[in-house]
Amino acid sequence: MSQHLDAIIIGTGQAGPSLAERFSAAGMAVAIIERHKFGGTCLNTGCTPTKTMVASAYAAHVARRGAEFGFDVKGDVRVDIKRVKARKDDVSGQWSRGVEERLRGLRNCTVIRGQARFESPHTVVVNDEVLEADKIYINVGGRAWVPAIPGIHDVPFFNNSSMMDIDFLPEHLVIVGGGYVGLEFAQMYRRFGSEVTIVEMGPHLIGREDEDVSQAVREILEAEEIRVRPDAKCISLAKREGQISVGVECKEGPPEVIGTHVLVAVGRTPNTSDLGLDRAGVMTNQRGYITVDDQLKTNVPGIWALGDCNGRGAFTHTSYNDYQIVADNLFNADHRRVSDRIQAYALYTDPPLGRCGMTDAEIRKSGRAALATKYPMSGVSRAVEKSEIQGFIKIAVDAETKQILGAAILGTGGDEVVHVLLDIMYAKAPYTVVQRAMHLHPTVAEYLPTSLSQLEPFA
Ligand SMILES: Cc1cc2nc3c(=O)[nH]c(=O)nc-3n(C[C@H](O)[C@H](O)[C@H](O)COP(=O)(O)OP(=O)(O)OC[C@H]3O[C@@H](n4cnc5c(N)ncnc54)[C@H](O)[C@@H]3O)c2cc1C
């Protein structure tokens, strides 16, 4: 016997639960299936736990700088990692439980725990239960990718998920991968008291960013005695007298880094290989990401893919935006599209990096006539008052339309302040709107008009 529903949602990431609410509110029968923790990556092993731990690391860092702010801390500032973990578990757990309770409280919504698999384009099997629906939404997210590094199966290593379970301080944490995830873990563990080395294959950390941004972030990390080994062309892992050797073959320096623990953070892979997509006829690309159109429809009518698994975004906000696009198309006849959204994200190191729009490299490639400005945080009064003067505000605008093309705000509050520019980009308004606006003093945002008054031809 199979159960017939109006909609089936697979996965409770950042899109599925909100979509279930919409179906429920519309009086339609919906089932949502989760095989592991409610709320997916963001709430359990991604954004929420890491930012909670980043907050602990920041507090320890400020405490160590007490003398600068006019107070003394007796003795060394020591982090009790068990308590840091307990706080993180508490915050994450609350959000995750909240998602489950919210879903279980919905009318017309069946919540099922288990691994979902397609049997056919409109049939899904979970725990021997057969569900049928005309509309199926895939929100299965992704997981840490395990690269084929020589020796990877010979040594224990962590990924972002298993890092969440450790309640001890690694003596020397070697992080393979100088991307967003790697850098956040690097700074937090350094501030907790570990020695940290980042091993990066490419020439720069956060390689998609402009070189000046990447270099400034590197300097911030190195100032905290985090070691960075770029150009590690041939990474390998091996056991070495109770420790772990990470072979790096860097152009400079010794050919290996010896650490006590290794975190591999080199990218993500979608959870699509065990979903029976072939039985439904749903197409994926070579890396397993589900192919979707501008409204997140797959090639099979009645099946959509939302969130990280469609390869159109890799953030909580992109997944949630996917939900909004699908729901507005479905329930409001509002023809929203993925291509309408503007690239935006943050790196949550301290200070954070807030990014929106194009990088300098992308602007150069586009061939557009542009103007640009770069203003140091050391000139921002709020940053000086907080003794947090690292970084800069960098903005580029189109010389003809005067619209903002892109920005990088590396500095205190950069993750929040960037929204001023992002919103003006969505409004398609000229930068002069921000330039002429009166902003509050003292804030970082009040320097956006100042910076925009110093535009020069884009180099
Ligand atoms: C360390 C780290 C830090 C991050 N920090 C940030 C940040 O600060 N800001 C930000 O915007 N993004 C951040 N991200 C990215 C963010 O977590 C993801 O982009 C976001 O969670 C994507 O959500 P999603 O909706 O695609 O699915 P996910 O959150 O991955 O959820 C998918 C769910 O589907 C379930 N599932 C999978 N397959 C099946 C199946 N066959 N049957 C049933 N259930 C299934 C999974 O168990 C999971 O619960 C971070 C990621 C990591 C790894």
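Just so you know, these numbers come straight off a predicted model, no measurement behind them.

**Student:** It is not clear to me how the sheet that holds strand 12 (residues 243-247) should be interpreted in this structure. Could you clarify?
**Tutor:** In spatial order, the strands read 11-12-13; together these 3 strands make up an open sheet with antiparallel pairing. Looking at the sheet topology across the chains shown, the edges are occupied by strand 11 (236-240) and strand 13 (256-259). With strand direction ignored, the average angle separating the axes of adjacent strands in the sheet is 25°. Where strand 12 lies against strand 13, 4 bridges are found, and the strand directions are antiparallel. Bridge pairing in strand 13 places valine 246 opposite valine 257.

**Student:** Just to check I follow, could you spell out the pattern of salt bridges for this structure?
**Tutor:** Any two side chains of opposite charge can pair if their charged atoms end up close together. Across all of its chains, the model carries 27 salt bridges by this definition. Close ionic contact of arginine 65 with glutamate 68 constitutes a salt bridge, the shortest N to O distance being 2.9 Å. The partner of aspartate 212 in a salt bridge is lysine 394, and the shortest N-O contact between them spans 3.0 Å. Of the two residues, aspartate 212 is situated in helix 7 (residues 211-222) and lysine 394 in strand 20 (residues 392-398); the sequence distance between them amounts to 182 residues.

**Student:** How should I be thinking about the packing of helix 1 (residues 16-25) against helix 5 (residues 81-104) in this particular structure?
**Tutor:** Each pair of packed helices can be summarised by the angle the axes make with each other and by the distance between the axes. At a closest axis distance of 10 Å, the pairing of helix 1 and helix 5 adopts a crossing angle of 20°. One finds that helix 1 runs roughly parallel with respect to helix 5. Between helix 1 and helix 5 lies a crossing whose hand is left-handed. Touching Pro17, Ser18, Ala20 and Glu21 of helix 1 are Val99, Arg102 and Leu103, all from helix 5. Taken together, the residues of the contact of helix 1 with helix 5 sort by class into 4 nonpolar, 1 polar and 2 charged.

**Student:** Hey, could you run me through the state of the cysteines in this one?
**Tutor:** As used here, a disulfide is simply a covalent bond connecting the sulfur atoms of two cysteines. Scanning the model with the defined rule gives 1 disulfide in all. In this model cysteine 42 forms its disulfide with cysteine 47; the gap between the sulfur atoms is 2.4 Å. One quick way to see it: the torsion about the S-S bond of cysteine 42 and cysteine 47 is about -135°, and its sign makes the bridge left-handed. Since its relative accessible area comes to 9%, cysteine 42 is described here as buried.

**Student:** Could you clarify how one ought to interpret a nonpolar patch on the surface in this entry?
**Tutor:** There is a patch of nonpolar side chains on the surface, built from Phe69, Phe71 and Val73 and spanning about 240 Å² of accessible area. Given the relative accessible area of 39%, valine 73 is considered partly exposed.

**Student:** Looking at this model, I keep getting lost on the packing of aromatic side chains. Mind explaining?
**Tutor:** Using the criterion set out here, one finds 8 aromatic pairs in the structure. Ring centres of tyrosine 189 and phenylalanine 192 lie 5.3 Å apart, and the angle between their planes is 80°; on these two criteria the pair is classed as edge-to-face. You can see tyrosine 189 and its partner phenylalanine 192 sitting in helix 6 (residues 180-192), 3 residues apart, about one turn around the helix. The class of phenylalanine 192 is buried, set by a relative accessible area of 2%. Arranged with centres 5.2 Å apart and planes meeting at 50°, the rings of tyrosine 320 and tyrosine 323 form a pair that is tilted. Here the residue tyrosine 320 and the residue tyrosine 323 both occupy positions in helix 9 (residues 316-331), the gap between them amounting to 3 residues, near one helical turn.

**Student:** Explanation requested: the nonpolar core in the structure shown.
**Tutor:** Formed by 50 residues in total, the largest nonpolar core has its most connected members in Ile8, Ile10, Ile33, Phe118, Tyr137 and Ile138. Not counting the four nearest positions on each side in its chain, isoleucine 10 is found in contact with Ile33, Ala116, Phe118, Val124, Ile136, Tyr137, Ile138, Asn139, Val140 and Leu275. Of all hydrophobic cores here, the second largest spans 39 residues; its members include Val54, Ile166, Ile175 and Leu205.

Procedures and definitions
- Residues numbered from 1 in each chain as written.
- Predicted model: local features only at pLDDT ≥ 70, side-chain atom pairs only at ≥ 80, totals over all residues.
- Heavy atoms only, no water.
- Pairing = 2+ DSSP bridges.
- Helix = DSSP H or I, 4+ residues; strand = E, 2+ residues; numbered from the N terminus.
- Axes fitted to C-alpha atoms, helices over the stretch in contact; angles between N-to-C directions.
- Salt bridge = Lys/Arg side-chain N within 4 Å of Asp/Glu carboxyl O.
- Parallel < 35°, antiparallel > 145°, perpendicular 65-115°, else oblique.
- Left-handed = near helix turned anticlockwise from the far one by under 90°.
- Contact = heavy atoms within 4.5 Å.
- Nonpolar A, V, L, I, M, F, W, Y, C, P; charged D, E, K, R; others polar.
- Disulfide = S-S within 2.5 Å.
- Buried < 20%, exposed > 50% of the residue type's maximum accessible area, 1.4 Å probe, protein only.
- Patch = residues over 30% accessible without salt bridge, like charges linked within 9 Å, V, L, I, M, F, W, Y side chains within 5 Å.
- Areas by Shrake-Rupley, 256 points an atom, 1.4 Å probe, with all protein chains shown as cover.
- Phe/Tyr/Trp six-rings, centres within 6.5 Å; stacked < 30°, edge-to-face > 60°.
- Core = buried A, V, L, I, M, F, W, Y, C linked by side-chain atoms within 4.5 Å.

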